[in-house]
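# Structural overview
If you want the building blocks of each chain, they are given just below.
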Protein chains: 2
Amino acid sequence: MRYLITVEYCGRNYCGWQRQINAISVQEVLEEKLAVLLRHKVVLHASGRTDSKVHALGQTAHFDTETVIPPQKLLCAVNSMLPDDIRIRDCRVVPDDFHAQYSAKRKTYLYKAYVDRISSPVKEGLYARIIPPLDVELMQKTAEKLIGEHDFRAFSSTGSTVKTTVRTVYRLQITRRGNEIEFEIEGNGFLYNMVRIIVGTLIFVGKGKIPPENVERMLQTGDRKAGGKTFAPEGLYLKSVFYPEIGLPEENCRKS
Amino acid sequence: MRYLITVEYCGRNYCGWQRQINAISVQEVLEEKLAVLLRHKVVLHASGRTDSKVHALGQTAHFDTETVIPPQKLLCAVNSMLPDDIRIRDCRVVPDDFHAQYSAKRKTYLYKAYVDRISSPVKEGLYARIIPPLDVELMQKTAEKLIGEHDFRAFSSTGSTVKTTVRTVYRLQITRRGNEIEFEIEGNGFLYNMVRIIVGTLIFVGKGKIPPENVERMLQTGDRKAGGKTFAPEGLYLKSVFYPEIGLPEENCRKS
């Protein structure tokens, strides 16, 4: 039987989702606890990787097991074994041909940032900091250019081997609340570091370090150098992965 | 000269504000860094203590020094030496008879909590968790009884030696946003554990563990046992200390 788990984690103490030889990953911790419970080796297939220090509110991963166990029981049992910074939020049986990565139709990322000259101790590791000044309105206007189907190769780190660099961004909202700024971006898929480069580029625009026209130029020419820095990992959250065929995530599917 | 510093800290890794022999306190870390900069022993007098794991957005403390240094320079120099979980947010020279504790006219505390069956990894240490169900409206109605001047001895932990247990609560707001609940409480002073017992008692009311009438009974009879548990320290923040005579905190004094 194939199970799908939805996982929340704080990425602070992990090298990211994926297993690595000399560092602890979220995947490794989860696979180990699942193996203890199910009494066999477990391999998790996630919707995608997350970088070191990046968080997830709704990462998803599937695995196969012959052990029969009610999903809610599995969730409670594994959560009781996990460290405080990882929790399974949902567990369900899915069809055998379901795949956490290939069945995903959309993904949403959230970037939490704040604008301040002094770093905030209580936001440490959970928000990225932007040094003022910042023209948020200009960023919001510029962000509109990125919505739709585009070749995003200028917004990806080199080294990724994908068939196509064309992706569709459905939504890119920038919300200001006091000195906090949230970026929420939804798309049918994301290239390696795409969210971090999009946000880093919009911040460079907001700080006047590059003209807003650079964003359109990047889409047209594929020139990564016209953009801003890959933004800090600390404020990035994989918020949710959408699988309309199985009704996940529950609340978001209800809305759309 | 007397200096007043306003400090933000994440209480996660500290035994609280006050120096202790076998654990690291915020006071100790700050005093040490100030001593390095000023080249003499520094003693900080805070607006009050905060418990282990409690955070501060605007704790205040004064100290005396003969070393002449511009406040903004002191702020930058000390911040560059401090660990990420402590930052000085404001530094200014105050009159010699100013006292961080005795000159304070009002204080505001913030309690961040969330209602969930599963604990949240990204909220760990920064929010307190409440297991559902919770009747927030009933809590809001009950909270009104606490506003005003009352004898709050039923809302304090034993062992405190104060002249009077009469305090005035100016404001006690409970705000719900999704599954997050914020308590904001402002008063002319707070007894030991008063905020944690008020919030713990209101949560017991919201969960139906005690009737709302117990709150009035506590004010009348001083019976601590009629209340709820002292609530978890993780979601508690000392938000600001008010000194109208010197115009601190800046934004709040401007408002009032």
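With an unreviewed UniProt entry as reference, chain A is termed tRNA pseudouridine synthase A, source organism Candidatus Stercoripulliclostridium merdipullorum. Recorded in UniProt for chain A, the comment headed Sequence similarities (unreviewed entry) runs: "Belongs to the tRNA pseudouridine synthase TruA family." UniProt annotates chain A under Subunit (unreviewed entry) with the comment "Homodimer."

### What to know about a nonpolar patch on the surface
All names here are of chain A. A grouping of M1, V68 and V93 is seen on the molecular surface, where their side chains present a nonpolar patch of about 290 Å² in accessible area. Note that M1 resides in the segment before β1 (2-9). Accessibility expressed as a relative area gives 41% for M1, which makes it partly exposed.

### Points about the UniProt feature "binding site: substrate" (unreviewed entry) in chain A
All names here are of chain A. UniProt's feature table lists "binding site: substrate" (unreviewed entry) at Y109, given in the numbering used throughout. As for its position among the elements, Y109 is in strand β5 (residues 106-115). Other than its neighbours up to four places away in sequence, Y109 contacts F183, E184, I185, F190, V195, L236, Y237, L238 and K239.

### Topic: the relation of the copies chain A and chain B
Overlay of chain A on chain B (RMSD 0.0 Å): rotation 180°, translation along the axis 0.0 Å. Taken together, these values place the two copies in the relation of a two-fold axis. Interface overlap between copies: 100% of the residues of chain A at the interface are likewise at the interface in chain B, consistent with a symmetric, same-surface contact.

### Here we look at the side chain of D90 of chain A
Residue and element names in this part refer to chain A. Mapped onto the fold, D90 is located in strand β4 (residues 86-94). Within the structure, the side chain of D90 is placed 2.9 Å from the side chain of R92, a separation counted as a polar contact. Setting aside its immediate chain neighbours within four residues, D90 contacts L4, I5, T6, L75 and L248.

### Quick look at the interface of chain A and chain B
The partner chain B presents 24 residues to the 24 residues of chain A that form the contact. Interface of chain A and chain B: buried area, both sides summed, is about 1800 Å²; carbon and sulfur atoms make up 55% of it. Broken down residue by residue, the surface that chain A buries against chain B is led by I118, P121 and V122 of chain A, which jointly contribute 34%. The tally of links between chain A and chain B comes to 2 salt bridges. Here D116 of chain B ties to R89 of chain A by a salt bridge, and the two come within 2.7 Å at their closest N and O atoms. Secondary structure elements with two or more residues in the side of chain A that touches chain B: β1, β3 (55-64), α2 (71-81) and β4 of chain A. Among the elements that take part in the side of chain A that touches chain B, β4 of chain A stands out by supplying 4 residues, more than any other. Class assignment of the residues belonging to the side of chain A that touches chain B gives a composition of 11 nonpolar, 4 polar and 9 charged.

Criteria and thresholds
- Residues numbered from 1 in each chain as written.
- Chains lettered and ligands numbered in written order.
- Predicted model: local features only at pLDDT ≥ 70, side-chain atom pairs only at ≥ 80, totals over all residues.
- Heavy atoms only, no water.
- UniProt positions renumbered as here; feature names shortened; annotations may be inferred.
- Patch = residues over 30% accessible without salt bridge, like charges linked within 9 Å, V, L, I, M, F, W, Y side chains within 5 Å.
- Areas by Shrake-Rupley, 256 points an atom, 1.4 Å probe, with all protein chains shown as cover.
- Salt bridge = Lys/Arg side-chain N within 4 Å of Asp/Glu carboxyl O.
- Helix = DSSP H or I, 4+ residues; strand = E, 2+ residues; numbered from the N terminus.
- Buried < 20%, exposed > 50% of the residue type's maximum accessible area, 1.4 Å probe, protein only.
- Contact = heavy atoms within 4.5 Å.
- Least-squares fit on C-alpha atoms with pLDDT ≥ 70 in both.
- Polar contact = N/O pair within 3.5 Å; in protein donor to acceptor, adjacent residues only side chain to side chain.
- Buried area = accessible area lost by both parts, 1.4 Å probe.
- Nonpolar A, V, L, I, M, F, W, Y, C, P; charged D, E, K, R; others polar.

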